[in-house]
Amino acid sequence: MAPTDETGQAAPHTSPSGTTPPGPRPPAPGTAGPDARMPRWLPRALVLALALYAVFQLGSWAFHQLTGLLINILIAFFLALAIEPAVSWMAARGLRRGLATGIVFLAVMIASAGFVTLLSSMLAGQIITMVENFPAYLDSVINWVNIHFNTELRRVDVQEGLLRSDWLRTYVQNSATGVLDVSAQVLGGLFQLLTVTLFSFYFAADGPRLRRALCSVLPPARQAEVLRAWEIAVNKTGGYLYSRGLMALISGIAHYVLLQVLEVPYAPVLAVWVGLVSQFIPTIGTYLAGALAMLIAFTVDPWYALWVLIFVVVYQQFENYVLQPKLTSKTVDIHPAVAFGSVIAGTALLGAVGALIAIPAVATLQAFLGAYVKRYAVTDDPRVHGHRGGTRGPGAGLLTRTRRLWGRRPQTPPGPEDPGGTPS
């Protein structure tokens, strides 16, 4: 048992030396003891942190859900900027902006519907022709194989082997199950087109009201900047559309000449198809347009399809490295390298949509920021013009140093027999 004192409490233990060990020290002033309460600000800080995290998660989820709508609104805004000059021109001559916008949209819809109708009829006719001539194509291929490889293939055997193959059966089953997916994609594309059309119509028709509402919440100095940025965006977008239309015209004429020389049917429609699709569908537009032209040329002569492919590849390189940089830099007023880099960046961010609107967006930003960048007069230094001579120091070239040494060589004085310094 522990020893107790007279009051009945346990006596403290003594050390072997006879001294009493020190007990627990009292808490220092200003420090919390074991029974101290939690600070009042800590629960509120925890609740605030959880609330901010929840708001961030909710905002991130909402942004991902609305990404498609935001992209559609962005496309509609740039379309509205593209038709703004035509709408403003008609509105300045007495037409209401709503009616002027409707006329522009109606003209675009009529042109698009007519082009699609002509293209569909041409494509349907060529498909029927290819189906009718497919046995003759197959016979020519089989004869070529029999001659060059010493085989005895027949068209009937090839057809029966193809119809009984597991590959064809699997392909038909997958195609049947994918019809619903294709239908859903078509309906989704039509709904997206309707959304873009409605938003672009509202942006163009209510342009002044939209600008007035935006400027009403800004001070006068900021209002001038916003209106100037809006005007720059309209000019740059219109210039980009003009450059694309000009390149589509040049591409259409070039391909029309080729198809007419090869006597490919429907050459005018194919030329318009190649010009529009190659310019207004980024990245894959050129190959998509060239594939249709090759398909139609193949119905005339398989070698014609090869010539079309070669011409498409060569013209694409000419357009990428010669034609497009010059036209884009003049109409949109940006450097060709900046234009190329903006297209790559836009494709990485928004895909085909980003590639289509990257150049006018970068041109607008560059023109707007150029007014706020202070510029200075450039010194008249030869290095500015790319001339390195005349300012070299220790790193001068061998020819320059040789000339300097030759100019500093010691001159031999003339002798007494030859005062003129020349031999007698």
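1. Topic: the layout of surface pockets
Here the largest pocket is characterised by a volume of approximately 1,800 Å³. Residue assignment for the lining of the largest pocket shows that the elements contributing at least two residues are helix H2 (67-91), helix H3 (97-149), helix H6 (179-205), helix H8 (220-261), helix H9 (267-280) and helix H13 (352-370). The element best represented in the lining of the largest pocket is H3, accounting for 9 residues. Class assignment of the residues belonging to the lining of the largest pocket gives a composition of 30 nonpolar, 7 polar and 1 charged.

2. A few points about empty space enclosed by the protein
Gaps left between atoms are located by rolling a probe of water-molecule size over the structure's atoms. Applying the stated criterion across every chain, the model contains 2 cavities of 30 Å³ or more. Put simply, the largest cavity is a space of about 60 Å³. What lines the largest cavity is simply Ser251, His255, Val274, Ser278, Gln279, Thr286, Gly290, Val312, Tyr315, Gln316 and Glu319. When residues of the lining of the largest cavity are traced back to their parent elements, those giving at least two are H8, H9, helix H10 (285-300) and helix H11 (302-331). Of all the elements, H11 adds the most residues to the lining of the largest cavity, at 4 residues. Tallied by class, residues from the lining of the largest cavity come to 3 nonpolar, 7 polar and 1 charged.

3. Considering the pattern of salt bridges
Counted under the stated rule, the structure contains 2 salt bridges. One salt bridge connects Arg97 with Glu84, and the closest N-O pair in it is separated by 3.2 Å. Pair noted here: Arg97 is in helix H3 and Glu84 is in helix H2, with a separation of 13 residues, a long-range link. The same class applies to Arg97 as to Glu84, namely buried.

4. Here we look at the packing of H8 against H9
Packing of H8 against H9 brings their axes to within 7 Å, and their N-to-C directions diverge by 145°. Considering only the axes of H8 and H9, their crossing is right-handed. Residue-level inspection shows Leu241, Arg244, Gly245, Met247, Ala248, Ser251, Gly252, His255, Tyr256, Leu259 and Gln260 of H8 in contact with H9, the latter providing Ala267, Pro268, Leu270, Ala271, Val274, Gly275, Leu276, Ser278, Gln279 and Phe280. Of the residues that constitute the contact of H8 with H9, the class distribution is 12 nonpolar, 8 polar and 1 charged.

What counts as what
- Residues numbered from 1 in each chain as written.
- Predicted model: local features only at pLDDT ≥ 70, side-chain atom pairs only at ≥ 80, totals over all residues.
- Heavy atoms only, no water.
- 1 Å grid on protein atoms, 1.4 Å probe; cavity = no way out; pocket = protein on both sides within 12 Å on 5 of 7 lines; lining within 4 Å.
- Points joined across faces, edges and corners; volume = space filled by probe spheres on them.
- Helix = DSSP H or I, 4+ residues; strand = E, 2+ residues; numbered from the N terminus.
- Nonpolar A, V, L, I, M, F, W, Y, C, P; charged D, E, K, R; others polar.
- Salt bridge = Lys/Arg side-chain N within 4 Å of Asp/Glu carboxyl O.
- Buried < 20%, exposed > 50% of the residue type's maximum accessible area, 1.4 Å probe, protein only.
- Axes fitted to C-alpha atoms, helices over the stretch in contact; angles between N-to-C directions.
- Left-handed = near helix turned anticlockwise from the far one by under 90°.
- Contact = heavy atoms within 4.5 Å.

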